[in-house]
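Fold and geometry: a report
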Amino acid sequence: MSATIVWRAVLISFLLAPFVAAQSGGNQSTTTCNLEDGRQVYIRYTPVSTKQERFSNGKAWAPGGTPMTLFTEAQLALGTSMIPVGAYTVYPIPARGNWTIVVNKNVTSGAAYDEKQDIARAQMETAQVESPSETLEVAFAHVGNRCSLRIYIGKTASFVDFNAK
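The present account deals with the structure reproduced in this document. (Residues numbered from 1 in each chain as written. Predicted model: local features only at pLDDT ≥ 70, side-chain atom pairs only at ≥ 80, totals over all residues. Heavy atoms only, no water.)

**Remarks on the overall build of the protein**
The helix and strand inventory of the protein stands at 1 helix and 10 strands. Starting at the N terminus and ending at the C terminus, the protein contains elements arranged as α-β-β-β-β-β-β-β-β-β-β. Here the protein, with 165 residues, has 43% of them falling under the buried criterion. For the protein, the share of sequence-separated contacts (at least 6 apart) that also reach a separation of at least 24 residues comes to 53%. When the accessible area of the protein is evaluated, it comes to approximately 8,500 Å², of which 49% is carbon and sulfur surface. (Helix = DSSP H or I, 4+ residues; strand = E, 2+ residues; numbered from the N terminus. Buried < 20%, exposed > 50% of the residue type's maximum accessible area, 1.4 Å probe, protein only. Contact = heavy atoms within 4.5 Å. Areas by Shrake-Rupley, 256 points an atom, 1.4 Å probe, with all protein chains shown as cover.)

Rendered as structure tokens:
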């Protein structure tokens with residue numbers, strides 16, 4: 001692993017420590033995508049229960065009242081947008097047909113969603129699954145330089161690709 005990548009990881013860790021501490025309630029989960037060159041992309045989220053959590057179609061959703069948090073050590077492409085190395089909030093926007101995923105640069109703890117802070121937005125592939133998920137599940141599937149984000153809640157499964165540059 002090159003010294004530059006190690007330095008970036010250390011710098012990101014120090015800069016984000018206060019944010020992570022504020023966001024990390026006892027009920028947080030993390031999913032990680034390990035790229036072939038050693039860089040990582042990961043998302044922290046609250047695995048809410050489908051019985052207790054409701055979301056509105058067409059509105060940005062923060063599971064458990066806390067947006068998902070994306071940390072990336074690699075520049076990423078999402079649709080036609082580029083996401084620099086750093087930390088971001090992630091909001092799924094549920095819809096009856098296809099969901100949308102939004103990456104937002106505002107990582108201030110407790111801040112309300114502000115569409116003006118969006119840096120990337122992409123349609124997600126959305127499908128219905130036979131076996132419903134009792135809690136929100138977020139996972140990455142890794143293929144080459146692609147981290148495919150997968151979000152499962154109830155009978156809905158949504159997918160979108162982040163491509164490392």
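**So, the pairing of strand E2 (residues 40-45)**
Summarising the sheet, strand E1 (residues 29-34) and E2 pair through 6 bridges and their orientation is antiparallel. Bridge pairing links Cys33 to Val41 in E2. Counting the residues that bridge the hairpin from E1 to E2 gives 5 residues, and of these Gly38 lies at a positive phi of roughly 100 degrees. Looking at chain direction, E2 and strand E3 (residues 68-72) are connected through 4 bridges and run antiparallel. Within the sheet, the bridge partner assigned to Val41 lies in E3 and is Thr72. (Pairing = 2+ DSSP bridges.)

**Describing the environment of Ala164**
The residue Ala164 is located in strand E10 (residues 146-164) in this model. Residues Ala164 and Leu76, spaced 88 residues apart in sequence, show a C-alpha to C-alpha distance of 4.5 Å.

**What about the sheet that holds strand E7 (residues 100-104)?**
Ordered in space as E1-E2-E3-E6-E7-E8, the 6 strands form an open sheet in which the pairing is antiparallel. Each of the sheet's edge strands pairs with one partner strand only, and the pair in question is E1 and strand E8 (118-123). When strand polarity is set aside, the average angle formed by the axes of neighbouring strands in this sheet is 20 degrees. (Axes fitted to C-alpha atoms, helices over the stretch in contact; angles between N-to-C directions.)

**What to know about the state of the cysteines**
Inspection of every chain in the model, using the stated rule, returns 1 disulfide. With a sulfur-sulfur separation of 2.0 Å, Cys33 is cross-linked through a disulfide to Cys147. Since a negative S-S torsion denotes a left-handed disulfide, the Cys33-Cys147 link at about -80 degrees is left-handed. One end of the pair, Cys33, is in strand E1; the other, Cys147, is in strand E10, and 114 residues separate them in sequence. One exposure class covers both Cys33 and Cys147, and it is buried. (Disulfide = S-S within 2.5 Å.)

**Some thoughts on the sheet that holds strand E9 (residues 125-143)**
Read from one edge to the other, the open sheet built from 4 strands follows the order E5-E4-E10-E9, with strand pairing classed as antiparallel. If you trace the sheet from one side to the other, it starts and ends with strand E5 (81-83) and E9, each paired once. When the angles between neighbouring strand axes are averaged without regard to direction, this sheet yields 30 degrees. Pairing between strand E4 (residues 76-78) and E5: 3 bridges, direction antiparallel. Bridge pairing in E5 places Leu76 opposite Ile83.

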